[in-house]
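Each chain is listed here by its residues.
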Amino acid sequence: MSGVDVITEHRLKQLRLDPDAVSHVSPAERAQLIYSAFLGRVPYENLSNNRAVDEHPGDPESWPRATDRLLRENAAHGLGGTGFSLAYALRDLFRGASLTAHCALGHNLVTEQAHAAVVLYVDQGPLLYDPALLMCGPIPVRPGGQLDDPLGTVRLDARCGPTLTLMLHMHCGHRPVAPGQEIWSPPTLASGDRPIYSIIPMPAPPQSFRQAWLASFYRGRQMPLRFARRVGDRIFRYGERPGSIEILTAESREEVAVAPDAAHQLSEIFGIDQPCLQAWFARAR
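Conventions and cut-offs
- Residues numbered from 1 in each chain as written.
- Predicted model: local features only at pLDDT ≥ 70, side-chain atom pairs only at ≥ 80, totals over all residues.
- Heavy atoms only, no water.
- Helix = DSSP H or I, 4+ residues; strand = E, 2+ residues; numbered from the N terminus.
- Buried < 20%, exposed > 50% of the residue type's maximum accessible area, 1.4 Å probe, protein only.
- Core = buried A, V, L, I, M, F, W, Y, C linked by side-chain atoms within 4.5 Å.
- Contact = heavy atoms within 4.5 Å.
- Expected span 1.5 Å × (residues − 1).
- Lys, Arg positive; Asp, Glu negative; His and termini not counted.
- Salt bridge = Lys/Arg side-chain N within 4 Å of Asp/Glu carboxyl O.
- Polar contact = N/O pair within 3.5 Å; in protein donor to acceptor, adjacent residues only side chain to side chain.
- Pairing = 2+ DSSP bridges.
- Axes fitted to C-alpha atoms, helices over the stretch in contact; angles between N-to-C directions.
- 1 Å grid on protein atoms, 1.4 Å probe; cavity = no way out; pocket = protein on both sides within 12 Å on 5 of 7 lines; lining within 4 Å.
- Points joined across faces, edges and corners; volume = space filled by probe spheres on them.
- Nonpolar A, V, L, I, M, F, W, Y, C, P; charged D, E, K, R; others polar.
- pLDDT = per-residue confidence, 0-100.

Asks: Is there a simple way to think about unusual backbone geometry in this case?
Replies: Across the chain, the bulk of peptide bonds are trans and the bulk of non-glycine residues have phi less than zero. With an omega dihedral of 20°, the bond running from Arg241 to Pro242 counts as a cis peptide bond. Position of Pro242 among the secondary structure elements: in the loop between β11 (234-239) and β12 (244-248). Even without being a glycine, Ser98 presents a positive backbone phi close to 60°. Position of Ser98 among the secondary structure elements: in the loop between α6 (83-96) and β2 (100-108). Residue classification places Ser98 among the exposed positions, given a relative accessible area of 51%. The phi angle at Glu112 is positive, at roughly 65°, despite the residue not being glycine. Here Glu112 is to be found in the loop between β2 and β3 (114-122).

This is the structure:
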């Protein structure tokens, strides 16, 4: 099939995306179809990270989840991943659809941790895709490159040399942070623009990417659970601490208390299956 290899056909079907629809459009349209399907099916969550470390505490090489494992666990349990897992899988999906894409490494300006995103090369110029950011599309890779999303504006500002800083402004006007990242209570800026991470939008050496991926894990339950998912023009976020669910729209931010039966409520909102959540909560007590 033109444009999509056999492995990627299978992967796209797991995302409920018709490979024929992907094969017969331009590269930029192909990428957006894949990204939209991925964003709609695969949540940001660190439960899978915690499970991987908890099950194999002495084997760091087993912690990262590659593309097919991520997609299998998504189909079976509704799991997704954190920034590195999401970027790695999206990169593979793009490549399997005859697109030129690479993983890039950034530096989170709040947590001081590494961050992963995907740079896609099309005729119109390079594009930055960041599934952990939960925005509706890519950002043109250039100083001043901007994405206008119904929920907010994302912009790349020049920093120094080839480094760009990703700036985020959420229209809801409350805590303008990157949904899904480890940024839950930063101080706000008067302008509403928040620098999220700096990035050199170039392919990361595989060994450097792997090392940064391994370094992003924490042992046991040192990291509280965090889930985030976009549904249409709403973003749902859950933080085990402070133990609430946020619903972000263009107009407002609503906070919802977590019900006593947290597994059922979280399963309904984030698509992670209830037995998986119940097993983790019971194991973590």
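Asks: I would appreciate a short explanation of the nonpolar core in the present structure.
Replies: If you look at soluble globular proteins, the nonpolar side chains tend to sit buried side by side. Of all hydrophobic cores here, the largest spans 65 residues; its most connected members are Ile34, Phe38, Phe94, Leu120, Leu128, Tyr129 and Leu166. By residue number, the principal contributor to this core is α6, which donates 7 residues. Sequence-distant contacts of Phe38, that is, excluding residues within four places in its chain, are made with Leu15, Leu70, Leu86, Ala89, Leu90, Leu93 and Pro131. Judged by nonpolar contacts, the second largest core, of 17 residues, contains Leu225, Ala262, Leu266 and Phe270.

Asks: Honestly, α6 in this entry has me stumped. Any pointers?
Replies: Helical geometry: 3.6 residues make up each α-helical turn, so side chains three or four residues apart lie on a common side. Compared with the 20 Å implied by 1.5 Å per residue over 14 residues, the 20 Å span of α6 between its first and last C-alpha is a close match. The element α6 is largely enclosed, with a buried count of 12 among its 14 residues. Turning to α6, its buried residues number three or more, namely Gly83, Phe84, Ser85, Leu86, Ala87, Ala89, Leu90, Arg91, Asp92, Leu93, Phe94 and Gly96. Positive phi appears at Ser98, one or two residues downstream of α6, with a value of about 60°.

Asks: What exactly am I supposed to notice about the side chain of Asp130 here?
Replies: Relative to the elements of secondary structure, Asp130 occurs in the loop between β4 (125-129) and β5 (139-140). For the buried residue Asp130, which engages in no salt bridge, the nearest side chain bearing the opposite charge is Arg230, 12 Å off. Within the structure, Asp130 has its side chain in polar contact with the side chain of Tyr197 (distance 2.6 Å).

Asks: Even after reading the chapter, I still don't get the sheet that holds β4, so can you show me in this structure?
Replies: Working definition: the strands of a sheet are paired by backbone hydrogen bonds and lie parallel or antiparallel to each other. The strand order across the open sheet formed by 8 strands is β5-β4-β3-β2-β9-β8-β7-β6, and the pairing between neighbours is antiparallel. The open sheet has two free edges, formed respectively by β5 and β6 (146-149), since each of these has just one partner strand. Of the strand pairs in this sheet, strand β8 (residues 163-170) and strand β9 (residues 194-199) are connected by 5 bridges, and their pairing is antiparallel. What sits directly across from Leu164, in β9, is Ile199. The strands touched by helix α3 (residues 27-41) are β3 and β4; relative to β4, the strand with the most contacts, the crossing angle is about 0°. Those strands touched by helix α7 (residues 206-215) are β2 and β3, and its axis lies near 45° from that of β2.

Asks: I would appreciate a short explanation of the layout of surface pockets in the present structure.
Replies: In this approach, a probe sized like a water molecule rolls over the atoms, and the result shows the empty space that is left. Its boundaries defined by the atoms lining it, the largest pocket holds a volume of some 230 Å³. If you trace the largest pocket, you find 14 residues lining it, with Tyr88, Arg91, Pro206, Phe209 and Arg210 closest to the centre. At the level of secondary structure, the elements contributing two or more residues to the lining of the largest pocket comprise α6, β2 and α7. Looking at the lining of the largest pocket element by element, the count peaks at 4 residues for α7. For the lining of the largest pocket, a count of residues per class yields 9 nonpolar, 1 polar and 4 charged.

Asks: I would appreciate a short explanation of the sheet that holds strand β10 (residues 226-231) in the present structure.
Replies: As summarised here, the arrangement of the 5 strands in space is β1-β10-β11-β12-β13, forming an open sheet in which the pairing is antiparallel. Bordering the open sheet on either side are β1 (44-45) and β13 (253-257), each of which pairs with just one other strand. As paired elements, β12 and β13 share 5 bridges and run antiparallel to each other. By the bridge assignment for β13, Ser244 is matched with Ala257.

Asks: Would you explain the confidence of the model for the chain in this entry?
Replies: Close inspection of predicted coordinates is inappropriate in any region flagged by low pLDDT. The predicted model of the chain has a mean per-residue pLDDT of 90, with 92% of residues at 70 or higher. Ranking the helices and strands of the chain by mean pLDDT puts β5 first, with 98, and helix α9 (residues 274-284) last, with 89. Here residues 174-191 scores under 50 on pLDDT; set against residues more than four positions off or in separate chains, the count is 65 contacts.

Asks: Help me understand the pairing of β6, please; the structure alone is not making it clear to me.
Replies: Within a regular beta strand, the side chains point alternately toward one face of the sheet and then the other, so they alternate between its two faces. Burial along β6 is one-sided: the face carrying Leu147 and Asp149 is buried and the face carrying Gln146 and Asp148 is not. Pairing between β6 and strand β7 (residues 152-160): 4 bridges, direction antiparallel. Looking at the pairing, Asp148 lines up with Thr153 of β7.

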